[in-house]
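# Notes for the structure review
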Amino acid sequence: DTVKEAKETATELNKIKTDLDTRRKEAIKYVSAPIKTADDQMKECVKLVADGRQDILDQVAKFDQARLDGLQDELIQRRDRLRVDAEIQPEFYGAANDIIDLVKLGNLTAKDRLTNKAAQAVADRVNAELKLQQTVERRLLELENASFRAGLAAPLSKAHVEHFLHADDETYATKLDELLQAEVE
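Each residue is numbered by its place in its chain's sequence as written, counting from 1. Residues qualify for local features only when their pLDDT is at least 70, as the model is predicted, and side-chain atom pairs are given and counted only at 80 or more; totals for whole chains, interfaces and linings, by contrast, use all residues. To obtain the side-chain values, all non-hydrogen atoms of the structure were included, while hydrogens and water were left out.

Helix and strand labels come from DSSP, where a helix needs a run of H or I of at least four residues and a strand needs a run of E of at least two; each type is numbered from the N terminus. Position of G70 relative to the elements: it lies in helix α1 (residues 3–86). On a C-alpha basis, the gap between G70 and E170 in space is 41 Å, while along the polypeptide they are 100 residues apart.

As structure tokens, this is what we get:
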């Protein structure tokens with residue numbers, strides 16, 4: 001007997017539920033509107049600040065790159081000046097050729113001058129070239145004596161030892177002994 005009334009009540013309750021849900025959504029929309037507006041405005045502010053920060057970082061990067069370029073030029077000039085002062089021949093260039101690892105902001109003072117550490121690193125590399133040059137020159141001077149001591153009629157020349165002339169002392173001595181023995185035989 002009450003099925004018809006129950007269906008009508010269910011339909012009526014459904015209308016109330018839909019009405020309540022609609023009102024809830026409108027109330028949330030109404031209450032949330034200022035929050036959404038504020039959120040949008042804050043997002044815009046955040047974007048403005050982020051853009052400003054990025055502009056500053058870009059300018060700093062350009063400035064730092066200009067400082068690094070200046071540092072690289074200064075390192076190259078120092079290396080070249082030291083090579084000229086030490087009278088290093090171009091064939092001995094090598095240890096100081098690659099100085100890119102010294103091109104870093106830590107090798108600049110606050111006034112964009114070369115730090116003592118960086119200057120010493122360049123000097124050490126040029127000194128290594130000078131040492132090699134002096135070693136080769138000494139070896140060439142001693143080559144004639146070594147040839148005559150080994151009993152050769154004519155001394156060996158640079159062409160004979162050129163392929164191992166720049167080697168470390170132990171390798172040079174071993175190869176020279178082998179070559180002298182071969183020449184004596």
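Inter-axis angles, ranging from 0 to 180 degrees, are taken between N-to-C directions of lines fitted to C-alpha atoms, where helices are fitted over the stretch in contact. Close contact between α1 and helix α2 (residues 116–149) brings their axes to 10 Å; oriented N to C, the two are set at 40°. For the crossing formed where α1 meets α2, the hand is right-handed. Within the contact between the two elements, α1 uses L75, R78, R79, L82, R83 and A86 and α2 uses A118, A119, V122, A123, V126, E129 and L130. Polar here means any residue outside two lists: the nonpolar Ala, Val, Leu, Ile, Met, Phe, Trp, Tyr, Cys and Pro, and the charged Asp, Glu, Lys and Arg; Gly therefore counts as polar. Its residues assigned to classes, the contact of α1 with α2 comprises 9 nonpolar, no polar and 4 charged. For a crossing to be left-handed, the near helix must be turned anticlockwise from the far one by less than a right angle; the clockwise case is right-handed. Contacts were defined at the residue level, with two residues in contact if any of their heavy atoms lie within 4.5 Å.

Two elements in contact, α2 and helix α4 (residues 169–184), have axes whose closest approach is 12 Å; the angle formed by their N-to-C orientations is 25°. As summarised for this structure, α2 and α4 are arranged roughly parallel, according to the angle between their axes. When you trace α2 past α4, the crossing you get is right-handed. Packed against α2, whose contacting residues are T135, R138, R139, L143, A146 and S147, the element α4 presents D169, Y172, L176 and L180 at the interface. A per-class count over the contact of α2 with α4 returns 5 nonpolar, 2 polar and 3 charged. Between 65 and 115 degrees an angle is taken as roughly perpendicular, under 35 as roughly parallel, over 145 as roughly antiparallel, and anywhere else as oblique.

Right, let's get into the packing of aromatic side chains. Pairing of aromatic rings covers Phe, Tyr and Trp, the last through its six-membered ring, and needs centres within 6.5 Å; plane angles under 30 degrees mean stacked, over 60 mean edge-to-face, and all others mean tilted. Per the stated rule, a full pass over the model turns up 1 aromatic pair. Arranged with centres 5.6 Å apart and planes meeting at 45°, the rings of F164 and Y172 form a pair that is tilted. Assigned by exposure class, F164 and Y172 land together as buried. Counted as over-ring charges are cases with an Arg CZ or a Lys NZ within 6 Å of the ring centre that also lie within 35 degrees of the ring normal. For R83, the ring lying beneath its charged end belongs to Y93, and the centroid distance is 3.7 Å. When the ring centre of Y172 is taken as reference, the NZ or CZ atom of R139 above it lies at 4.2 Å. For every residue, the accessible area (1.4 Å probe, protein chains only) is compared with the maximum for its type, and the residue is labelled buried under 20%, exposed over 50%, or partly exposed between those bounds.

Before going further, it helps to examine the side chain of R139. Locating R139 in the fold gives a position in helix α2. Note on R139: relative accessible area 2%, which makes it buried. Sequence-distant contacts of R139, defined by excluding residues within four places in its chain, comprise F164, L165, H166, A167, D168, D169 and Y172.

Here, patches come from residues exposed beyond 30% relative accessible area and free of salt bridges, joined within 9 Å for like charges and within 5 Å for nonpolar side chains (Val, Leu, Ile, Met, Phe, Trp, Tyr). Only the protein chains shown count as cover for residues, and the accessible areas themselves come from Shrake-Rupley with a 1.4 Å probe. One side-chain nitrogen of Lys or Arg within 4 Å of one carboxyl oxygen of Asp or Glu is enough to make a salt bridge. Together, L13, I16 and L20 make up a nonpolar patch on the protein surface, roughly 290 Å² of accessible area in all. Mapped onto the fold, L20 is located in helix α1. With a relative accessible area of 52%, L20 lands in the exposed category.

Non-glycine residue E87 carries a positive phi angle of around 55°. Relative to the elements of secondary structure, E87 occurs in the loop between α1 and α2. For D112, which is not glycine, the phi dihedral falls at a positive 60°. Among the structural elements, D112 can be located in the loop between α1 and α2.

Helix span is expected to be 1.5 Å times the residue number reduced by one. Helix length check: α2, at 34 residues, gives a terminal C-alpha distance of 47 Å against a target of 50 Å (1.5 Å per residue), a fit within 8%. One axis fitted to the seven residues ending at a residue, another fitted to the seven starting there: the angle between these axes is the bend at that residue. For α2, the principal kink sits at E142 and spans about 30°. Looking one or two residues beyond α2, the residue adopting positive phi is G151, at roughly 95°.

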